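Structural features, examined
Chain residues, written in single-letter form:
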Amino acid sequence: MTDAPRLTTLANGLRVVTDAMPGLHSAAVGLWVAAGGRHEREDQNGIAHFLEHMAFKGTPSRSAARIAEEIEDVGGYLNAYTSREMTAYYARVLAGDVPLALDVIADIVLNPLFAEADIDTERHVILQEIGQTLDTPDDIVFDWLQEAAYPGQPIGRSILGPPGRVEGFGAADLRGFMAEHYVPGRMILAAAGAVDHAAVVARAAALFGGLVPRPAPPVVPAAFASGERREARDLEQVHLTLAFEAPAHRHPEFHVAQVFATLMGGGMSSRLFQKLREERGLCYSISAQAHSYDDSGLLTVYAGTAAEDIALLATLAVEEFRAAAAGVGEAEVARARAQLRAGLLMGLEGSSSRVERLARMVAIWGDVPPLAETLARIEAVDVGAVRAHAGRMLARGEAAMAVTGPIAAAPALGDLVARLAG
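Conventions we followed
Along each chain, residue indices are assigned from 1 in the same order as the chain's sequence is written. With pLDDT at 70 or above as the cut-off, local features in this predicted model cover only qualifying residues; side-chain atom pairs require 80 or more to be listed or tallied, and sums for whole chains, interfaces and linings still use all residues. Note that water and hydrogens are dropped before the side-chain values are worked out from all heavy atoms of the structure. Exposed residues in this analysis have more than 50% of their type's maximum accessible area, buried residues have under 20%, and partly exposed residues fall in between, with area computed by a 1.4 Å probe over protein chains only. Working definition: helices are DSSP H or I runs of at least four residues, strands are E runs of at least two. Numbering for both runs from the N terminus. At least two DSSP bridges between two strands are required for those strands to pair. Only the stretch in contact is used when a helix axis is fitted, and all axes are lines through C-alpha atoms; the angle between N-to-C directions ranges over 0 to 180 degrees. What makes two residues a contact is simply this: any of their non-hydrogen atoms within 4.5 Å.

Next up on the list: the pairing of strand 6 (residues 187-193). Across the seven residues that make up strand 6, a large majority, seven, are buried. Burial along strand 6 is two-sided: the residues Met-187, Leu-189, Ala-191 and Gly-193 and Ile-188, Ala-190 and Ala-192 are all buried. Of the strand pairs in this sheet, strand 2 (residues 15-20) and strand 6 are connected by six bridges, and their pairing is parallel. Paired with Arg-15 across the two strands is Ile-188, which belongs to strand 6. Bridge count for strand 3 (residues 26-33) against strand 6 is seven bridges, and the pairing is antiparallel. Bridge pairing links Ala-27 to Gly-193 in strand 6.

A word on unusual backbone geometry. Phi at Phe-114 takes a positive value of approximately 60°, unusual for a residue other than glycine. If you trace the backbone, Phe-114 turns up in the loop between helix 3 (98-110) and helix 4 (116-134).

Attention now moves to the sheet that holds strand 11 (residues 400-405). With respect to topology, five strands assemble into an open sheet ordered 7-11-8-10-9, the strand pairing being mixed. Looking at which strands have only one partner, the edges of the open sheet turn out to be strand 7 (227-232) and strand 9 (285-292). Geometrically, the sheet is characterised by an average inter-axis angle of 10° between neighbouring strands, direction not taken into account. For strand 8 (residues 238-245) and strand 11, the ladder comprises five bridges, and the chain directions are antiparallel. In the sheet register, Leu-242 faces strand 11, and the bridge partner there is Met-401. The strands that helix 5 (residues 137-149) touches are strand 7, strand 8, strand 10 (297-305) and strand 11; relative to strand 11, the one it contacts most, it runs at about 150°. Sheet contacts for helix 9 (residues 254-265): strand 9 and strand 10; angle to strand 9, the most-contacted strand, approximately 175°.

Shown next as structure tokens:
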């Protein structure tokens, strides 16, 4: 049993949240910054991710090699990621090395050198990353789906950015983005495991207390739209993705959407897996997930199939959504609730998953809701709520699609949407 998470807000607005886990000898710590892909202007597309890379290239007191060595010398792990709404810098270390991890994270985030030679080197690395993504159809098709669902909007753009933009970024661009968005009111320092709240707060105040609070630019709202992207490629399979608008984080139907997505494509017992793979043999991989943002969300479906099977697979997939909206049963709703409940509880047994949840909850709610409250919301989702939610989602008659590979036989989005409406 753990103590309840504790939250303290520093005078400058930076929030510090911890969750002590008795019996652990290690801790996960990190800094989450509300500065992701959707916070970029069009001319900045890709810069949040570029900045994440540059944080590891050196500071006035640490070389790039030393940054890695200081954490790995004590057996720890240091990494970062950029999403559409956050950039995170995090580490996992033994209990006695938590102050070191916090110091390194603060240093790389607050004091990056941005040496031109390092910028050029990392630019090349990122261009290689973009190239690798373009060569991975089951990755790039999701970027295209996001663009089709949110056309012309920051939240719809690629996190990596287009090569032309990446090639033009310099130190002034990086510093400018940091000045705009790396402000204390948009930062969350989280720690879970063998940690002491008072000690983490004191260290956070010493490292980040000097940051001056200031407003950040407004975020462009997300507006879902029907759209499709089709790109023929010489591949063995067609890679198909579909998206429907789903609830945002704070929407009352958030957990209903999670249950619906899980029973549709969340595992081997799901409707899509059983009907399209197990019974029909139309694909090796098929799945569905619900993703939420601050003001919107997506229920996405992915499948990879042979060119000659794509029309049937897509048709049967949308028909299965219709069938679920009309006839989802108690047993599958209960199974989906159990999957979500177990996934949440199992994740909380690890400090890395727990610290991620801490930061996410504070970003969404401004606090960490009691676990019992979250579990109760999941358990409250019943057959009627799922059917009603699915019916409303399909009745809107809106969907987005991205498809690549040998796509000659792939149906048009309009035809699939017409089938959804019956």
